[in-house]
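What follows is the residue order along each chain.
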Amino acid sequence: MPIHAANSGWVLETSQTAYAIGLNAAGLLAQRYWGARLPYPGDYPDPLNPVERTSFDSSAHMTPEEYPGYSALRFTDPAFLVSFSDGVRDVVLIYKDYSVIDTAKPELILRLQDAHYPLTIELHYRLHEAYDLIERWVTFENSGETPVLIKRAFSAKLTLPQGDHYFLSHMYGRHLDEYHIQKEPLVPGLKHVESRRLTTSHHSAPWFAASQNAQEFSGEVWFGTLAWSGNWKISAEVTEFASTRISIGLNDWDFAWKLMPGQPFTTPAAVIGYTQDGFHAASRTLHDYVRNELLPHGPQPHKVLYNSWEATLFNIDEASQAELAEIAARIGAELFVMDDGWFHGRLSDNAGLGDWWPDEVKFPRGLGGLIQKVNDLGMEFGLWVEPEMVNPNSDLYRTHPEWVIHFPTRARTEARQQLILNFGRPEVQNYMIAVLDKILRENNIAFVKWDMNRNVSEPGWENAPGDPRELWVRYVYGVYRVWSTLRERFPRVIWQSCSGGGGRADFGILRLADQIWISDNTEAIARLSIQEGFSQFLPAITMEAWVTDWGRDLVPLEFRFHVSMCGSLGVGGNLLEWSPAERDLAARCIQLYKEIRSIIQLGDQYRLISPQKSEFSALMYVNKEKTRGVLFVFRVVMPDPANLPVIYLKGLQPEALYRVEGFDRPRSGKAWMEAGIKIELKNLQSKVLKIEQI
Ligand code: GLA
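Residues numbered from 1 in each chain as written. Predicted model: local features only at pLDDT ≥ 70, side-chain atom pairs only at ≥ 80, totals over all residues. Heavy atoms only, no water.

### A closer look at the domain arrangement of the protein chain
Rule in force here: Where each domain starts and ends comes from a domain assignment, either automatic or drawn from a database. By definition, the buried area sums, over both parts, the 1.4 Å-probe accessible area that each loses when the two are put together. The salt bridge criterion pairs a side-chain nitrogen of Lys or Arg with a carboxyl oxygen of Asp or Glu, the two atoms within 4 Å. Two N or O atoms form a polar contact when they lie within 3.5 Å of each other; inside protein one atom must be a possible hydrogen donor and the other a possible acceptor, and for residues adjacent in sequence the pair counts only when both atoms belong to side chains. Every helix listed is a DSSP run of H or I at least four residues long, and every strand listed is a run of E at least two residues long, numbered separately from the N terminus.
Looking at the protein chain, the domain boundaries give domain 1 (3–294), domain 2 (305–603) and domain 3 (608–693). Computed from C-alpha atoms alone, the centre-to-centre distance between domain 1 and domain 2 is 34 Å. Taking both partners together, domain 1 and domain 2 bury about 4,000 Å²; carbon and sulfur atoms supply 61% of that area. If you look at where domain 1 meets domain 2, you find 1 salt bridge. Note that R511 and E135 form a salt bridge whose closest N and O atoms lie 3.9 Å from each other. Here domain 1 and domain 2 share 22 residue pairs in polar contact (both at pLDDT 80 or more) between them. The set of elements that each furnish at least two residues to the side of domain 1 that touches domain 2 consists of strand 10 (148–159), strand 12 (177–185), strand 15 (221–226), strand 18 (257–259), strand 19 (265–266) and helix 2 (278–294). For the side of domain 1 that touches domain 2, the element with the most residues is helix 2, which contributes 8 residues.

See below:
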């Protein structure tokens, strides 16, 4: 049993790591340890009992508390904030008891109770031993008679081993330019990254990694992510006593939750981990966890898809889609996805959202004819929807203008001519379930791309069930409810999460969607960097990547294919305009991809030379058995004569012999990894090399 309870404390052990908690002499629940697993449960340090320094620095303030509230003389950033009905905002949490749920994924629950008010807080820790990950979430319960207002409710507070010399890695970006990795020193004070946009956001990702000297393949990394598709926040605080603490959870910005008697509130789960083997190892375990534990269809490689969006935009009908489908099938696509523009009144982006039935002019026979044609060509059929949205110019909005998120006294700010349906409202959820159910029931649809193309404004909710600021959370639960209901009814369907590209990529949505459309930017050079950032916490199997015509005049088609082959390959260019030679090349690349996709989608990914740092980049994938691999190398634009770096392969068995495509003789895995290889490329040239054990 990897949960040990002893000496007023608990030790949680995964395969290689441990997390220890305990009650100190003052009765405060404190973190004792987070790092490498030690041989014996008794090895872990006792809880700290900091000594009060002066009247300005209390011992509680200096204690690395597991879930600190705002209380007495504590001035570090609290993990939660509440206000009782009499106006008291100070919390005195007393440890009550604990329980352990002994299953394959054992769980520790610690119960804390306010000294005066009927507020109970449960801290949950679920162990994923094989992945060296711990899931943490918190439940608030009010057993009194009056509501308690929750103003902040993070999922976890984490204290790093004593010291103030940490770096925080996180991601920033924007629409069309997601996932830039930012690594910066943590200095005394508070740093936070967040989303305030209702969705996960393009602008920052709910992931962090803290490190001191770690590199890609070595060194200690403490990392985590939040399984949540709405507003989130990660804060890192370095206190004046050199204690570095991280909180992760729901964003408390504009947040409030009225905790009614007998109706518990549960936070989303944070997934946290520790490794001694660098950023690669942190990513790798998250990749395995996503594939095996989250994805609805598990580790099943995805089909090569064709998506018509960039080729046709809104200008579609049965005949023109069928024409594209024919060429798509010929080059080897296995799934044909019709994007935006197919539904009632959708001639451009200023009308139609909300009216989810086939446009009578474009599809007078409904979708059945096109789907049959696509199926006859040997492909499955997929469809784009944007369920949370409505254009004011739609039948739905004319009937239910009150369903959108708005403040009654304010204008409803449009973005892309659209407003957001309040998915927090059960009647909106039920309506959308019925509408989408009908489309899925009446048509042979194997794949759905669920889009969400704007951020929120005027976040109001008249007659909200609790505090109107609950919108931020109720909305996300509403999206989850609609999506999971449809999933249950149509279990075969593969769903893709898109929000104008990578606006909704997180561990919460990956319980519902098998794939993510990670950026509306399909230009291959920009993609190299975007894809690398994404890979910090999400695996290639979830990364849908199309080859389009963006950058066509500059970047060779083969290069564009190679970039997209690093994820789940798709094609999105206008095939009607591709020459026979381009279509032949596409067919060859897709064929090659089919031979290696199980390595890419199910294997281990190694970032060898970063495209965010260098114009010459390399990455590889190795299958779990370490018998097959594939190496991708890209050179963007470097002045000649360029001194190209040696590439040191990774992930091979040292003693086994491997053949690397293009090299004359087999060598040991150790030789490829230690002596490395040189690959000469010209500007805008790329290579995919297969690696086989012999
Ligand atoms: C978003 C998506 C695109 C496409 C368009 C359609 O921008 O990210 O892939 O589906 O919407 O309107």
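### Description of the environment of R588
Operational definition: Categorising residues by exposure relies on relative accessible area from a 1.4 Å probe, with only protein chains included: less than 20% of the type maximum marks a residue as buried, more than 50% marks it as exposed, and the intermediate range marks it as partly exposed.
Here R588 shows up in helix 11 (residues 580–602). For R588, a relative accessible area of 54% puts it in the exposed group. Linking R588 and G332, residues 256 residues apart in sequence, is a C-alpha distance of 8.8 Å.

### A few points about empty space enclosed by the protein
Short version of the rule: A cavity, in this analysis, means grid points on a 1 Å lattice covering only the protein atoms where a 1.4 Å probe fits yet has no way out; a pocket is instead an open set bounded by protein on both sides within 12 Å along at least five of seven lines, and a residue lines either one if it has an atom within 4 Å of a point. Grid points are joined across faces, edges and corners, and a volume is the space filled by probe spheres set on the points.
Per the counting criterion, the structure on display carries 5 cavities of 30 Å³ or more. The volume enclosed by the largest cavity comes to roughly 140 Å³. Lining the largest cavity are 18 residues, with L528, Q531, E532, Q605 and L619 positioned closest to its centre. Looking at the lining of the largest cavity, the elements that each hand over two or more residues are helix 9 (524–534), strand 31 (604–609) and strand 32 (616–622).

### What to know about the packing of aromatic side chains
Put simply, the test is: Geometry of aromatic contacts follows a simple scheme: Phe, Tyr and Trp rings, the Trp one being its six-membered ring, pair when their centres are within 6.5 Å, and the pair is stacked under 30 degrees between planes, edge-to-face over 60, tilted otherwise.
Within the structure shown, the criterion is met by 40 aromatic pairs. Ring geometry for W257 and F265: centres 4.6 Å apart, planes at 40°, overall tilted. Side by side, W257 and F265 carry an identical accessibility label, which is buried. A ring pair is formed by F343 and W356, whose centres lie 4.3 Å apart and whose planes are at 45°; its orientation type is tilted. You can see F343 sitting in the loop between strand 22 (335–338) and helix 5 (368–376) and its partner W356 sitting in the loop between strand 22 and helix 5, a full 13 residues away along the chain.

### Looking at the nonpolar core
To be explicit about the condition: Take the buried residues of types Ala, Val, Leu, Ile, Met, Phe, Trp, Tyr and Cys, join any two whose side-chain atoms come within 4.5 Å, and each joined set is a nonpolar core. Any two residues whose heavy atoms approach within 4.5 Å are treated as being in contact.
The biggest cluster of nonpolar side chains holds 190 residues, and the ones touching the most others in it are F140, F265, W342, W356, F507, F561 and F632. If one sorts the elements of this core by residue count, helix 8 (residues 471–489) sits on top with 10 residues. In this view, F507 contacts T225, L226, A227, V271, L286, Y289, V290, L294, F537 and L538; residues no more than four positions away in its chain are not counted. Listed in part, the 25 residues of the second largest apolar core include Y606, I609, M638 and L644.

### Focus on helix 9
Most of helix 9 sits out of view: 9 of its 11 residues are buried. Among all positions in helix 9, only A524, R527, L528, S529, I530, Q531, E532, G533 and F534 are buried. The residue sitting at the N-terminus of helix 9 and contributing the capping side-chain oxygen is E523; that oxygen lies 2.9 Å from the backbone nitrogen of I525.

### Concerning the pattern of salt bridges
Applying the stated criterion across every chain, the model contains 42 salt bridges. Of the charged contacts, one joins K105 and E293 as a salt bridge, the two residues approaching to 2.8 Å between their closest N and O atoms. Remark: E293 occurs in helix 2 and K105 occurs in the loop between strand 6 (93–101) and strand 7 (107–114); sequence separation between them is 188 residues. Taking relative accessible area as the criterion, K105 reaches 35% and is therefore assigned partly exposed. For R416, the salt bridge is made with D340, and the minimal N-O distance between the two is 4.0 Å. Of this pair, R416 sits in the loop between helix 6 (395–399) and strand 25 (419–420) while D340 is found in the loop between strand 22 and helix 5, placing the two residues 76 residues apart along the sequence.

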